[in-house]
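Listed below are the residues making up each chain.
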Amino acid sequence: MRISEFQLKDIVNVTNGKKLGRLADIELNNATGAISALIIEQSGKKFGLFGKEEEVVIPWMHIVKIGGDVILVRYGETEPRGDERR
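Note that the coordinates shown come from a computational prediction; the quantities given were computed from them, not determined experimentally.

Draft legend 1. Just the overall build of the protein chain, in detail. Secondary structure summary: the protein chain contains one helix and six strands in total. Seen in sequence order, the protein chain has helices and strands lined up from the N terminus as α-β-β-β-β-β-β. When the 86 residues of the protein chain are sorted by exposure, 27% land in the buried category. The contacts in the protein chain between residues at least 6 apart in sequence include a share of 31% that link residues at least 24 apart.

See the structure below:
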């Protein structure tokens, strides 16, 4: 899958069903070249008109499913669940 395909998908939090935002960047593991996290730029500015949009980092292990139109992630939970991807 290409990074450009990731950017077209909605990123949805399975914890509450809300859309988190859009993919802004990815983190790569230098040793393996594998994706280690998704960096999401949240929509809506919190610091006024010229403020910077907030970024959320979702570790790869918190990605539940990558579908045709959406990426389901687990965000906002303090304890990891046993059914998460590893």
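Moving on, there is more to tell.
Draft legend 2. Region of the structure containing the sheet that holds strand β4 (residues 55-59). With respect to topology, six strands assemble into an open sheet ordered β4-β3-β2-β1-β6-β5, the strand pairing being mixed. One side of each edge strand has no neighbouring strand; the edge strands of this open sheet are β4 and β5 (63-66). Within this sheet the neighbouring strands show an average axis-to-axis angle of 35°, counted without direction. As paired strands, strand β1 (residues 10-13) and strand β2 (residues 19-28) are joined by two bridges and run antiparallel to one another. Directly across from Ile 11, in β2, lies its bridge partner Gly 21.

Draft legend 3. Structural view of the nonpolar core. Listed in full, the twelve residues of the largest apolar core are Phe 6, Ile 11, Leu 20, Leu 23, Ile 26, Leu 38, Ile 40, Val 56, Ile 58, Ile 63, Ile 71 and Val 73. Elements that contribute at least two residues to this core include exactly β2, β3 (35-41), β4 and β6 (70-73). Among the elements that take part in this core, β2 stands out by supplying three residues, more than any other.

Draft legend 4. Focus on the pattern of salt bridges. Counted according to the given criterion, the structure contains two salt bridges. A salt bridge links Asp 10 to Lys 19; the shortest N-O distance between them is 3.1 Å. Taking relative accessible area as the criterion, Asp 10 reaches 33% and is therefore assigned partly exposed. Ionic pairing is found between Arg 22 and Glu 41, a salt bridge with its closest N-O pair at 2.5 Å. A residue pair is termed long-range when its members are at least 10 positions apart, and Arg 22 in strand β2 and Glu 41 in strand β3 qualify at 19 residues.

Draft legend 5. Inspection of the environment of Val 57 at higher detail. Relative to the helices and strands, Val 57 resides in strand β4. Classification of Val 57 as partly exposed rests on a relative accessible area of 44%. The spatial distance from the C-alpha of Val 57 to the C-alpha of Glu 27 is 9.0 Å, given a sequence separation of 30 residues. Those residues within four positions of Val 57 in sequence are excluded, and the remaining contacts are Glu 27, Ala 37, Leu 38 and Ile 39.

Rules behind the numbers
- Residues numbered from 1 in each chain as written.
- Predicted model: local features only at pLDDT ≥ 70, side-chain atom pairs only at ≥ 80, totals over all residues.
- Heavy atoms only, no water.
- Helix = DSSP H or I, 4+ residues; strand = E, 2+ residues; numbered from the N terminus.
- Buried < 20%, exposed > 50% of the residue type's maximum accessible area, 1.4 Å probe, protein only.
- Contact = heavy atoms within 4.5 Å.
- Pairing = 2+ DSSP bridges.
- Axes fitted to C-alpha atoms, helices over the stretch in contact; angles between N-to-C directions.
- Core = buried A, V, L, I, M, F, W, Y, C linked by side-chain atoms within 4.5 Å.
- Salt bridge = Lys/Arg side-chain N within 4 Å of Asp/Glu carboxyl O.

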